[in-house]
Amino acid sequence: MNATDPRLTAHALGEADSESADLIARDTALTAEAAQIKRFAADLRAELHAEPAHPLRAEQRAAVLAAASVAAGPALWWQRNTAIGAAAACVALALGAAIYFQARHLSALRPVAGADKAAPQSVTVRWADESGQPRVEPVLAPRAPVVEARPSYPSPAPALVRATEPAKLPPAKPALENLPTLVAGSTPAPIKVDPATVPMNGRLPADPESTNAAPLRVGTKPPAR
Amino acid sequence: MAAPDASDIAQLLERYERPLVRYAMSITGELESARDAVQDTFIRYVRDAAAPRGAGSEKHIEAWLFTVARHRAIDHQRKNSRIIPMPLPEDRPAESPGPDAQAEGHDTESALLRLLDGLTQNQRDVIRLKFQNDLSYREISTITGLSETNVGFLLHTGLKKLRDLVRAEPDFADYTARHSA
């Protein structure tokens, strides 16, 4: 070891190991050099400690303390955002699941062959006119496609909907017999109207002795005296 | 780990704000930039969940604060070095610094501290950390990112150069004679 060895400075500053300390202790020149370094380091330390040290400005200290108060508060901004994000994720998952299962259920209902060509064009309706004579007329039948339901869950029996044949229609109900004005070609009975039940539609009654005989004046000036 | 409350930060400010501003000022060369760097350092300490906290972590906290303050001060120094000062008109006299500015400036530094300008930035850095803030080789290594061997070498060469400057300086003739006797 010589005077240019960094271990000499480390020894003077109390950072060297015991092996370096033994080497220096055995050499008087190194010991004197280490003492010089130690003395100079003490003077330098005193000068550097005496150098002025300025604090933060008052508003800077306040900003730091305010940041500490916010950080130690009940919830940080990112914690609140995390909670909101978790709730939004739950809602999105629930919506996604609902859409998925709805689509899966609808995919089980498939049209077999569009509109059924063999379906009847019309159905026959039987009814009675005002004279009690039975009448029979064809009525256009709906052309909805035949749909076969294939549920994904176990079902007691597969549901199959088909258009009914005209001969299998139930007979006309008696309630249909009291529709005289709807019969084409028949003479409707005269309608008797009770005047008491007819609304006036803003017009005055025809009775001149009525207390309401004088015409109403709305928005006009009273007669001059 | 829980964020420190205002009383914890007040204690840290009381203990470290002045050493940190002084150290940052040795890097930036300007007081306000040093203060800004130290303010940033404390705010980051408050918000950084990975920062050391609690009793028994004083040395870690100190090293953390000096490390961040050093980086912040270097950032400020680089940013300010890119600013080109506008030349003053010749008919307008330069404003002389007031008494406060003079007190805060370098006018009060001693002749020995002025000699530190003759060292490299790395040498000045480790000398200030060692002798002004009483940090160990290991702590200086953590703060500066240098190896402990490199820290020891920089301290050794820096002290040797500083002693040579003192011997060559006429102002230190008495000092040299007293210590060589």
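Quick notes on the rules
- Residues numbered from 1 in each chain as written.
- Chains lettered and ligands numbered in written order.
- Predicted model: local features only at pLDDT ≥ 70, side-chain atom pairs only at ≥ 80, totals over all residues.
- Heavy atoms only, no water.
- Helix = DSSP H or I, 4+ residues; strand = E, 2+ residues; numbered from the N terminus.
- Buried < 20%, exposed > 50% of the residue type's maximum accessible area, 1.4 Å probe, protein only.
- Contact = heavy atoms within 4.5 Å.
- Areas by Shrake-Rupley, 256 points an atom, 1.4 Å probe, with all protein chains shown as cover.
- pLDDT = per-residue confidence, 0-100.
- Axes fitted to C-alpha atoms, helices over the stretch in contact; angles between N-to-C directions.
- Parallel < 35°, antiparallel > 145°, perpendicular 65-115°, else oblique.
- Nonpolar A, V, L, I, M, F, W, Y, C, P; charged D, E, K, R; others polar.
- Pairing = 2+ DSSP bridges.
- Phe/Tyr/Trp six-rings, centres within 6.5 Å; stacked < 30°, edge-to-face > 60°.
- Salt bridge = Lys/Arg side-chain N within 4 Å of Asp/Glu carboxyl O.
- Expected span 1.5 Å × (residues − 1).

1. Quick notes on the overall build of chain B
Scanning chain B for helices and strands turns up nine helices and zero strands. For chain B, the α and β elements follow one another from N to C terminus as α-α-α-α-α-α-α-α-α. With 181 residues in all, chain B has 45% of them scored as buried. Of the contacts made within chain B by residues no fewer than 6 positions apart, 62% connect residues no fewer than 24 positions apart. In the structure as shown, chain B presents an accessible area of about 9800 Å², 52% of it carried by carbon and sulfur atoms.

2. Structural notes on the overall build of chain A
For chain A, the count of helices and strands is five helices and four strands. Reading the helices (α) and strands (β) of chain A from amino to carboxyl end gives α-α-α-α-α-β-β-β-β. When burial is assessed residue by residue, chain A has 15% of its 225 residues classed as buried. Of the contacts made within chain A by residues no fewer than 6 positions apart, 44% connect residues no fewer than 24 positions apart. For chain A, the accessible surface area stands at approximately 17200 Å², while carbon and sulfur atoms represent 62% of it.

3. Topic: the confidence of the model for chain A
Caution applies to low-pLDDT regions: their predicted coordinates should not be interpreted in detail. All names here are of chain A. Chain-level pLDDT for chain A is 70 on average; 51% of the residues reach the 70-or-more range. Within the model, pLDDT remains below 50 along residues 144-149, and this stretch shows 17 contacts once partners closer than five positions in the same chain are excluded. Scored below 50 in pLDDT, residues 210-214 shows five contacts in the model against residues more than four places distant or in partner chains.

4. A short note on the confidence of the model for chain B
All names here are of chain B. For chain B, the mean per-residue pLDDT works out to 84, and 82% of the residues sit at or above 70. Here helix α4 (residues 99-104) stands out as the least confident element of chain B, with mean pLDDT 50; helix α7 (residues 137-144) is the most confident, with 95. Predicted confidence for residues 101-108 stays below pLDDT 50, and this span has 12 contacts to residues more than four positions away or in other chains.

5. Notes on the packing of helix α3 (residues 28-50) of chain A against helix α8 (residues 148-168) of chain B
Packing of α3 of chain A against α8 of chain B brings their axes to within 11 Å, and their N-to-C directions diverge by 80 degrees. In terms of orientation, α3 of chain A and α8 of chain B fall into the roughly perpendicular class. Mapping the contact onto sequence places E33, Q36, I37, F40 and L44 of chain A in α3 of chain A and L159, L162, R163 and V166 of chain B in α8 of chain B. For the contact of α3 of chain A with α8 of chain B, the class distribution of residues is six nonpolar, one polar and two charged.

6. Some details on the pairing of strand β3 (residues 134-140) of chain A
On a regular strand, one side chain projects to one face of the sheet and the next to the other, so that they alternate. All names here are of chain A. Counting buried positions over the seven residues of β3 gives zero, only a small fraction of the element. One ladder, built from seven bridges, connects strand β2 (residues 122-128) with β3; its direction is antiparallel. The residue of β3 that forms the bridge with W127 is R135. A loop of five residues connects β2 with β3, the two strands running antiparallel in sequence, and G132 in this loop sits at a positive phi of about 85 degrees.

7. Some words on the packing of aromatic side chains
Residue and element names in this part refer to chain A. With the rule as written, the count across this model stands at three aromatic pairs over all chains. Between Y100 and F101, the ring centres sit 5.2 Å apart and the planes meet at 70 degrees, which makes this aromatic pair edge-to-face. Given the relative accessible area of 49%, Y100 is considered partly exposed.

8. What to know about the environment of E137 of chain A
Residue and element names in this part refer to chain A. Inspection of the secondary structure puts E137 in strand β3. Put simply, E137 and V123 are 14 residues apart on the chain and 8.5 Å apart in space, counted from C-alpha to C-alpha. Not counting residues up to four positions away in its chain, the partners in contact with E137 are V123, T124, V125 and W127.

9. Focus: the pattern of salt bridges
Residues and elements named next belong to chain B. A full pass over the atoms with the stated rule returns 15 salt bridges over all chains. For R70, the salt bridge is made with D125, and the minimal N-O distance between the two is 2.8 Å. Separated by 55 residues along the polypeptide, R70 in helix α3 (residues 58-81) and D125 in helix α6 (residues 121-132) bring together distant segments of the chain. The pair R70 / D125 is uniform in exposure class, with both members buried. Of the charged contacts in the structure, one is a salt bridge between R167 and D164, with a shortest N-O distance of 2.9 Å.

10. So, α6 of chain B
In this model α6 of chain B runs 15 Å from its N-terminal to its C-terminal C-alpha over 12 residues, within 8% of the 16 Å that 1.5 Å per residue would give. Most of α6 of chain B sits inside the fold, with 10 of its 12 residues counted as buried. Turning to α6 of chain B, its buried residues number three or more, namely Q123, R124, D125, V126, I127, R128, L129, K130, F131 and Q132 of chain B. Considering only its buried residues, α6 of chain B is in contact with α3 of chain A together with α1 (6-28), α3, α7 and α8 of chain B. Positive phi shows up at D134 of chain B, right after α6 of chain B, with a value of about 55 degrees.

11. Describing the packing of α6 of chain B against α8 of chain B
All names here are of chain B. Their axes nearest at 9 Å, the elements α6 and α8 cross at an angle of 95 degrees. By the angle between their axes, α6 is roughly perpendicular relative to α8. Contacts between α6 and α8 pair N122, Q123, V126, I127, K130 and F131 from the former with L154, L155, T157, G158, L159 and K161 from the latter. Residues belonging to the contact of α6 with α8 are distributed by class as follows: six nonpolar, four polar and two charged.

12. A closer look at unusual backbone geometry
Positive phi, close to 55 degrees, is recorded for D134 of chain B, a residue that is not glycine. Inspection of the secondary structure puts D134 of chain B in the loop between α6 and α7.

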